[in-house]
Amino acid sequence: MTPFEPIISFAQQMDSLDELAGFKEAFHFPQHDGRDVIYFCGNSLGLQPRNVEAAIQQELESWKTLGVEGYFHGPNPWLYYHDYVTEPLAKLVGAQKQEVTVMNTLTVNLHLLMLSFYKPSGKRYKIMMEAGAFPSDQYAVETLLLHYGYNPGEAIIEVTPRENEKLLRDEDILQAIAEHGEHLALVLFGGINYYTGQLFNMAAITAAAHQVGAIAGFDLAHVTGNVPVQLHDWNVDFAVWCSYKYLNAGPGAIGGLFVHERHAVNTATPRLGGWWGNDEKTRFKMEKGFRPKASAGGWNISTAQVFNTVALKASLELFEKAGIDKLRNKSINLTKYLSFLLQHLANLDFEIITPPEPGRRGAQLCLYFKQQGRVVHDKLTANGIVADYREPGVIRVAPAPLYCSFEDCYRFYEIVKTI
Ligand SMILES: *Cc1c(COP(=O)(O)O)cnc(C)c1O
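Only a predicted model underlies this, so the values are computations on that prediction, with no experimental measurement involved.

**A look at the site of the ligand**
Line of reasoning, step 1. Around the ligand, the neighbouring residues are L106, T107, F134, D137, D219, A221, H222, Y244 and K245.
Line of reasoning, step 2. In this structure, Y244 approaches the ligand through a side-chain N or O atom, which is 2.6 Å from an oxygen atom.
Line of reasoning, step 3. Bound to the protein, the ligand loses 85% of the 390 Å² it would expose on its own.
Line of reasoning, step 4. When the residues that make up the shell around the ligand are grouped by side-chain class, the tally is four nonpolar, two polar and three charged.

**Quick look at the state of the cysteines**
Line of reasoning, step 1. Per the counting criterion, the structure on display carries zero disulfides.
Line of reasoning, step 2. With no disulfide of its own, C41 has C404 as its nearest cysteine by sulfur position, at a separation of 10 Å.
Line of reasoning, step 3. Residue classification places C41 among the buried residues on the basis of a relative accessible area of 8%.
Line of reasoning, step 4. This cysteine, C366, is not joined by any disulfide, and C41 carries the nearest cysteine sulfur, 12 Å off.
Line of reasoning, step 5. Residue C366 is classed as buried on the basis of its relative accessible area of 0%.

**A word on the domain arrangement of the chain**
Line of reasoning, step 1. Looking at the chain, the domain boundaries give domain 1 (8-36 + 323-416) and domain 2 (57-319).
Line of reasoning, step 2. For domain 1 and domain 2, the distance between their C-alpha centroids amounts to 29 Å.
Line of reasoning, step 3. The partner domain 2 presents 22 residues to the 30 residues of domain 1 that form the contact.
Line of reasoning, step 4. Both faces considered, domain 1 and domain 2 share a buried interface measuring about 2100 Å² in area, 61% of it formed by carbon and sulfur atoms.
Line of reasoning, step 5. Viewed at the interface, domain 2 and domain 1 are joined by eight residue pairs in polar contact (both at pLDDT 80 or more).
Line of reasoning, step 6. Where the side of domain 1 that touches domain 2 is concerned, the elements lending two or more residues are α12 (324-342), β12 (365-369) and β15 (394-397).
Line of reasoning, step 7. It is α12 that provides the largest number of residues to the side of domain 1 that touches domain 2, a total of five residues.
Line of reasoning, step 8. Residue classes in the side of domain 1 that touches domain 2 are distributed as 16 nonpolar, six polar and eight charged.

**Things to note about the sheet that holds strand β11 (residues 350-352)**
Line of reasoning, step 1. On the basis of which strands lie adjacent, the open sheet formed by four strands has the order β11-β12-β15-β14 and antiparallel pairing. Unpaired on one side and paired on the other, β11 and β14 (388-390) mark the two borders of the sheet. If you compare each strand with its neighbour and ignore which way they point, the axes differ by 30° on average.
Line of reasoning, step 2. Bridge analysis of β12 against β15 gives four bridges, and the strand direction is antiparallel. Within β15, the residue paired with L365 across the bridge is V397.
Line of reasoning, step 3. Lying on the sheet, α12 is in contact with β11, β12 and β15; it crosses β12 at an angle near 25°.

**Comments concerning the layout of surface pockets**
Line of reasoning, step 1. By volume, the largest pocket is sized at about 400 Å³.
Line of reasoning, step 2. Contributing to the lining of the largest pocket are 17 residues, with R35, D36, V37, I38 and R411 lying nearest its centre.
Line of reasoning, step 3. Residue assignment for the lining of the largest pocket shows that the elements contributing at least two residues are β2 (35-36) and α14 (406-417).
Line of reasoning, step 4. For the lining of the largest pocket, the element with the highest residue contribution is α14, accounting for five residues.
Line of reasoning, step 5. Of the residues that constitute the lining of the largest pocket, the class distribution is four nonpolar, four polar and nine charged.

**A few points about the sheet that holds strand β10 (residues 255-259)**
Line of reasoning, step 1. Strand order in the open sheet formed by seven strands is β4-β10-β9-β8-β7-β5-β6, and the pairing between neighbours is mixed. Strands at the two margins of the open sheet, each flanked by one partner only, are β4 (100-103) and β6 (156-159). Put simply, the sheet's adjacent strands are angled 20° from each other on average, direction ignored.
Line of reasoning, step 2. Relative to β6, strand β5 (residues 126-130) runs parallel, the two being bridged by four bridges. When the sheet's bridge partners are listed, I127 is paired in β6 with I156.
Line of reasoning, step 3. Along the sheet, helix α8 (residues 202-211) contacts β7 (184-190) and β8 (215-219); its crossing angle with β8, the most-contacted strand, is approximately 150°.

**Description of the pairing of β4**
Walk down a regular strand and you will see the side chains alternate between the two sheet faces.
Line of reasoning, step 1. Across the two faces of β4 the burial is the same, with V100 and V102 and T101 and M103 all buried.
Line of reasoning, step 2. Relative to β10, β4 runs antiparallel, the two being bridged by four bridges. Across the sheet, T101 pairs through a bridge with L257, a residue of β10.

**As for the packing of aromatic side chains**
Line of reasoning, step 1. What the rule picks out here adds up to 23 aromatic pairs.
Line of reasoning, step 2. Seen from their ring centres, Y71 and W78 are 5.4 Å apart, and the 85° between their planes marks the pair as edge-to-face.
Line of reasoning, step 3. The exposure class of Y71 is partly exposed, given its relative accessible area of 25%.
Line of reasoning, step 4. Linked through ring pairs, F4, F10, Y337, F340 and F406 together constitute an aromatic cluster.
Line of reasoning, step 5. Positioned above the aromatic ring of Y368, the side-chain terminus of K166 is 4.3 Å from the ring centre.
Line of reasoning, step 6. When the ring centre of W299 is taken as origin, the NZ or CZ atom of R271, which lies over that ring, is 3.7 Å away.

Procedures and definitions
- Residues numbered from 1 in each chain as written.
- Predicted model: local features only at pLDDT ≥ 70, side-chain atom pairs only at ≥ 80, totals over all residues.
- Heavy atoms only, no water.
- Near = heavy atom within 4 Å.
- Polar contact = N/O pair within 3.5 Å; in protein donor to acceptor, adjacent residues only side chain to side chain.
- Areas by Shrake-Rupley, 256 points an atom, 1.4 Å probe, with all protein chains shown as cover.
- Nonpolar A, V, L, I, M, F, W, Y, C, P; charged D, E, K, R; others polar.
- Disulfide = S-S within 2.5 Å.
- Buried < 20%, exposed > 50% of the residue type's maximum accessible area, 1.4 Å probe, protein only.
- Domains from an automatic or database assignment.
- Contact = heavy atoms within 4.5 Å.
- Buried area = accessible area lost by both parts, 1.4 Å probe.
- Helix = DSSP H or I, 4+ residues; strand = E, 2+ residues; numbered from the N terminus.
- Pairing = 2+ DSSP bridges.
- Axes fitted to C-alpha atoms, helices over the stretch in contact; angles between N-to-C directions.
- 1 Å grid on protein atoms, 1.4 Å probe; cavity = no way out; pocket = protein on both sides within 12 Å on 5 of 7 lines; lining within 4 Å.
- Points joined across faces, edges and corners; volume = space filled by probe spheres on them.
- Phe/Tyr/Trp six-rings, centres within 6.5 Å; stacked < 30°, edge-to-face > 60°.
- Lys NZ or Arg CZ within 6 Å of the ring centre and 35° of its normal.

Laid out in structure tokens, this is it:
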């Protein structure tokens, strides 16, 4: 590839060579001073795909004209609505179709899957997490432990970066798992840490957890739709994610989950049940006894949440067209270019804390400002750039490859240069 250049014509040339550039047109952009904003916040809430409105309208129409018959008739019978998204989702996370389902939202699903897979016994009851995990995950683990009568302060083992470092070293994580092995019931990591943007080696963490007899679970909120993963081949036990970040399915959209085949097809794997997880053949027979489906769908509890899933279904059509491997390829280049441009900024005192290696990050760079992070963030906002700020001191910049361009990265750089 030609060496990067910090000039607009270079960025525009990169865009003209980008076969995915046209996907930008498939999204609505918020406006600032009569122009599209530069949207670097897809790690928090993805933009609205243009095909969502018609998709919602379609289901409103089915409800309006069919009433309860909409469960069986119309273009997308609701009885199976959650199944329409499992195949495209399975491709994004490297799973079999039967290993994936959608329901509820991320933290609820995390609780439900921890109830299935966290099996404390004797001295094996501890849960290992990365220090500085997303608050919701921390609360979920803390309250789960309290529920079982453990002291979270003692039962949660956090892996922390070395002194004066901000990232976790892979070898330190594996070492910690080995060290605490006999006490570990569960190793639960974010696939990408939300604050640093660090992508963890999930294959190695899973292998290390299994080596000591622990379960390996991941929160893929910042991974799904961003970095392709191979959950099945890596032998991950379970994973959960939300659909409103890189998946662009809108605020509060339905969450997704993965249960490895070896647990999913085993109907004896413990879980909390409800009618939608029950085998369809016996669901309405009114017989005693929950008979779960022999798939991740056996974790469904309630009726398909049609209106929470519509936008995801529409959005996944774009992922199907683009292909996650091509998206990842573009994403690596886009993030590299942004990082290259940022290194040309001498006017501001900040440090990129996200790992420099493309294999250790997704579409997100975290700029740590010792001072002035808020001020810089306010100036970006005033100039039509949407990024977000996370205490302490970090501006997160996420050029999502479906709707961000090389020119966007250049414009961002141009504006930051003037601050
Ligand atoms: C965004 C995010 C969540 C959000 O959880 P919800 O239950 O969907 O509100 C959880 N964990 C991580 C790591 C996140 O980034």
